[in-house]
Amino acid sequence: MPLPIAHSAAGLAGYLAFKKAKPDSPPKQEIFLLGLCLFLANLSDLDFVPGFLCGDPGRFHHGLSHSLAVGLIGAMIFYRFAGYRLKRISKKRVFGCCLVSLLSHPVLDYFSADTSKPFGVPLFWPFDTEYYISPFPLFRIVQRNQETIGTFFATILNPNNAWGIAVETLFAGTVLFAIFAFKSRSKPVLSLSSLLLSILCGLFYYSLQIKPNLIV
Ligand SMILES: [Zn+2]
């Protein structure tokens with residue numbers, strides 16, 4: 001699984017992708033929708049909570065909350081609730097934001113390295129109970145000792161995860177600058193500058209990502 005940095009970047013990307021150039025909705029509703037996107041993009045990892053409660057943090061992790069079907073159902077539920085609060089934002093946009101944010105999570109986890117069984121995520125549950133993982137990982141494994149709550153937090157800060165923060169920050173820059181370049185295409189200078197920044201982040205991301213994977 002990636003860190004919350006890459007997941008939050010996916011949620012922010014979902015928010016920006018559906019945002020109008022000049023939104024006519026109240027700023028409070030825009031902030032609520034942005035917060036909802038960030039929350040939903042990380043929601044699947046709340047499957048750590050029951051594990052924390054029973055003293056075995058990783059016990060339920062990468063379970064059914066990492067299925068695309070559960071993400072779709074979650075998007076419909078959150079869309080219903082958010083729709084009442086976001087009356088000035090189009091229904092299509094709210095649903096699109098909920099859907100992209102929730103589905104981005106299992107997809108990013110699919111592209112992450114994983115060293116503990118079962119490898120990957122149950123992407124197609126309940127239609128298929130297999131776990132799937134990409135042969136080309138885009139994110140490093142988050143290293144931690146999940147035996148107890150104490151070891152989980154004591155081992156979460158380490159050089160591997162610090163490297164992961166750098167990699168995921170560059171991944172976020174690559175995606176977000178690319179969206180910004182597309183969104184500002186009516187302003188050629190701004191759009192081109194954003195595109196160049198996206199390419200630059202992408203090149204650094206690639207070089208930082210590949211080297212440690214070869215070492216591991
Ligand atoms: Zn996850």
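Residues numbered from 1 in each chain as written. Predicted model: local features only at pLDDT ≥ 70, side-chain atom pairs only at ≥ 80, totals over all residues.

Some points on the overall build of the protein
So, point 1. Summing up its helical and strand segments, the protein has eight helices and zero strands in all.
So, point 2. When its helices and strands are written in sequence order, the protein yields α-α-α-α-α-α-α-α.
So, point 3. Split into buried and exposed, the 216 residues of the protein put 30% on the buried side.
So, point 4. Excluding contacts between residues fewer than 6 apart, the proportion of contacts in the protein whose partners are at least 24 apart in sequence is 66%. (Helix = DSSP H or I, 4+ residues; strand = E, 2+ residues; numbered from the N terminus. Buried ≥ 20, exposed ≤ 12 C-beta atoms within 10 Å, placed from the backbone. Contact = placed C-beta atoms within 7 Å.)

Digging into helix H5 (residues 91-110)
So, point 1. For H5, spanning 20 residues, the distance from its first C-alpha to its last is 29 Å, which sits close to the expected 28 Å at 1.5 Å a residue.
So, point 2. At Ser104, H5 shows its strongest bend, of approximately 30°, with the proline Pro106 following within four residues.
So, point 3. By the criterion of burial, H5 is predominantly enclosed, with 14 of the 20 residues buried. (Expected span 1.5 Å × (residues − 1). Bend = angle between axes of the 7 residues up to and from the residue.)

Description of the environment of Phe180
So, point 1. The residue Phe180 is located in helix H7 (residues 159-183) in this model.
So, point 2. Separated by 137 residues in the primary sequence, Phe180 and Leu43 place their C-alpha atoms 25 Å from one another.

Structural notes on the packing of helix H1 (residues 4-17) against H7
So, point 1. Packing of H1 against H7 brings their axes to within 9 Å, and their N-to-C directions diverge by 5°. The orientation of H1 with respect to H7, classified from their angle, is roughly parallel. Contacts from Ile5, Ala6, Ala9, Leu12, Ala13, Leu16 and Ala17 of H1 reach H7 at Ile165, Glu168, Thr169, Phe171, Ala172, Val175, Leu176, Ile179 and Lys183.
So, point 2. Of the residues belonging to the contact of H1 with H7, the class tally is 13 nonpolar, one polar and two charged. (Axes fitted to C-alpha atoms, helices over the stretch in contact; angles between N-to-C directions. Parallel < 35°, antiparallel > 145°, perpendicular 65-115°, else oblique. Nonpolar A, V, L, I, M, F, W, Y, C, P; charged D, E, K, R; others polar.)

Section: the packing of H1 against helix H2 (residues 27-42)
So, point 1. Where H1 meets H2, the closest approach of the two axes is 8 Å, and the angle between their N-to-C directions is 140°. With respect to each other, H1 and H2 are oriented oblique. Two packed elements cross with a definite hand, and for H1 against H2 that hand is right-handed. Residues Pro4, His7, Ser8, Ala10, Gly11, Leu12, Gly14 and Tyr15 of H1 touch H2, and the partners they reach there are Leu33, Leu34, Cys37, Leu38, Leu40, Ala41 and Asn42.
So, point 2. When grouped by side-chain class, the residues that make up the contact of H1 with H2 number 10 nonpolar, five polar and no charged. (Left-handed = near helix turned anticlockwise from the far one by under 90°.)

Here we look at H2
So, point 1. The end-to-end C-alpha separation of H2 is 23 Å, in line with the 22 Å expected for 16 residues at 1.5 Å each.
So, point 2. For H2, the full list of buried residues reads Leu33, Leu36, Cys37, Leu38, Leu40 and Ala41.
So, point 3. Looking at the buried positions of H2, the neighbouring elements they touch are H1, helix H4 (68-85) and H5.

Quick notes on the environment of Ala21
So, point 1. Looking at where Ala21 falls in the secondary structure, it is placed in the loop between H1 and H2.
So, point 2. Of the residues examined, Ala21 has 7 C-beta atoms within 10 Å and is grouped as exposed.
So, point 3. Considered as a pair, Ala21 and Ser184 are 163 residues apart in the sequence and their alpha carbons are 8.4 Å apart.

Focus on the nonpolar core
So, point 1. Of all hydrophobic cores here, the largest spans 34 residues; its most connected members are Ala6, Leu33, Cys37, Cys98 and Phe171.
So, point 2. A per-element tally of this core places H5 first, with eight residues. (Core = buried A, V, L, I, M, F, W, Y, C linked by C-beta atoms within 7 Å.)

Focus on the environment of Phe136
So, point 1. Within the element layout of this structure, Phe136 appears in the loop between H5 and helix H6 (149-154).
So, point 2. Classification of Phe136 as exposed rests on a count of 6 C-beta atoms within 10 Å.
So, point 3. Taking the C-alpha atoms as reference points, Phe136 and Phe111, 25 residues apart in sequence, are found 6.9 Å from one another.

Comments concerning unusual backbone geometry
So, point 1. Of note, the amide linkage connecting Lys117 to Pro118 takes the cis form, showing an omega dihedral of -10°.
So, point 2. Turning to its location among the elements, Pro118 is positioned in the loop between H5 and H6.
So, point 3. Of note, the amide linkage connecting Trp125 to Pro126 takes the cis form, showing an omega dihedral of 10°.
So, point 4. Turning to its location among the elements, Pro126 is positioned in the loop between H5 and H6.

Regarding the confidence of the model for the protein
So, point 1. When pLDDT is averaged along the protein, the result is 89; 97% of the residues meet or exceed 70.
So, point 2. Residue range residues 212-216 is modelled with pLDDT below 50. Its contacts to residues more than four positions away, or to other chains, number three contacts. (pLDDT = per-residue confidence, 0-100.)

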